[in-house]
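# Examining the three-dimensional arrangement
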Amino acid sequence: MEIRKMLTFVEDTRLEAGVEVDPVLRKVAVVAVVRNEYAGRHVHDLSPYYEASVELGNEIAGLAVEQMKPCSIESYGKAAIVGLDGEQEHGVALLTTPYGNVLREAAGGGAAWISSATKRAQPGASIDIPLAYKDALYVRSHYDAMSITLHDAPLPDEIAVICCFANRGRPHHRVGGLSIEDAIGEDGLT
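Heads up: these notes are all about the structure in this document. (Residues numbered from 1 in each chain as written. Predicted model: local features only at pLDDT ≥ 70, side-chain atom pairs only at ≥ 80, totals over all residues. Heavy atoms only, no water.)

### As for the overall build of the chain
Scanning the chain from terminus to terminus reveals three helices and seven strands. Listed N to C, the secondary structure of the chain is β-β-α-β-α-α-β-β-β-β in terms of helices and strands. A globule of 190 residues ought to have a C-alpha radius of gyration of about 16 Å, and the chain, at 17 Å, matches this closely. Each principal axis of the C-alpha atoms in the chain carries an extent, and together these give about 50 × 35 × 25 Å. Split into buried and exposed, the 190 residues of the chain put 44% on the buried side. Intrachain contacts of the chain at a sequence separation of at least 6 include 78% that bridge at least 24 residues. For the chain, the exposed area adds up to about 9,100 Å²; of that, 48% sits on carbon and sulfur atoms. Here the chain contributes 17 positively and 27 negatively charged side chains, and the mean placements of these two sets differ by 4 Å. (Helix = DSSP H or I, 4+ residues; strand = E, 2+ residues; numbered from the N terminus. Rg over C-alpha atoms; globule rule 2.2 N^0.38 Å. Buried < 20%, exposed > 50% of the residue type's maximum accessible area, 1.4 Å probe, protein only. Contact = heavy atoms within 4.5 Å. Areas by Shrake-Rupley, 256 points an atom, 1.4 Å probe, with all protein chains shown as cover. Lys, Arg positive; Asp, Glu negative; His and termini not counted. Charge placed at Lys NZ, Arg CZ, Asp CG, Glu CD.)

This is the structure in structure tokens:
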């Protein structure tokens, strides 16, 4: 896929409600802004995007892993913003299982499905990328999101494809539910 630009966002949370966050919560989002070959026309078969997402995912996830260092990856998420001449389905096609498998591998494995969000929008749009624990979706402490804004993308004939990683759950979580220590991680849920 033709990439116009790559963007990297790194967010380190050190204090939450005046209390130190230890370890620091690091969230990283990497965005590839690509040309949407289907912009302005309806195409029934979107499978070429499934295939193209593997190479694209390797580049995006590789940058995200580098930015996560020295932290390990516990949570992941994915998203896409489609320019106004495209369809939301074009972004979804780039986030399917082949792309998800690349993110799982980059994160060091993961049994849970990868939360995602997609939408159509103009340059200047923001998106909340959902995050969840990579091995057990029901680990409530890791329900989170990273918000990013793309000031120059996507243009009407582009798609912003996004990978997001985090090294831990929310700071000072205390609403119960399955803990990371009690998660089995075999079925991707518990």
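Text resumes after the structure shown.
### Description of unusual backbone geometry
The peptide bond linking K69 to P70 adopts the cis configuration, its omega dihedral lying at 5°. By secondary structure assignment, the location of P70 is in the loop between α1 (47–68) and β3 (75–82). Of note, the bond from A153 into P154 is cis; its omega dihedral lies within 30 degrees of zero at -5°. Among the structural elements, P154 can be located in the loop between β6 (144–149) and β7 (158–166).

### A look at the environment of I180
With respect to the helices, strands and loops of the structure, I180 is situated in the segment after β7. By relative accessible area, which is 23% here, I180 ends up partly exposed. Counting along the chain gives 155 residues from I180 to L25, while the straight-line C-alpha distance between them is 16 Å. Those residues in contact with I180 that sit more than four places away from it in its chain are E74, Y133, V139 and H142.

### Brief notes about the pattern of salt bridges
Within this structure, the stated rule accounts for nine salt bridges. Among the salt bridges present, the one from R4 reaches D152, with a minimum N-O distance of 2.9 Å. Of this pair, R4 sits in strand β1 (residues 3–16) while D152 sits in the loop between β6 and β7, and the two are 148 residues apart along the sequence. Judged by its relative accessible area of 34%, D152 falls in the partly exposed class. Residue D12 is joined to R26 by a salt bridge in which the shortest nitrogen-to-oxygen separation is 2.7 Å. You can see D12 sitting in strand β1 and its partner R26 sitting in strand β2 (residues 19–35), a full 14 residues away along the chain. According to the relative accessible area criterion, D12 is partly exposed, its value standing at 29%. Judged by relative accessible area, which is 16%, R26 ranks as buried. (Salt bridge = Lys/Arg side-chain N within 4 Å of Asp/Glu carboxyl O.)

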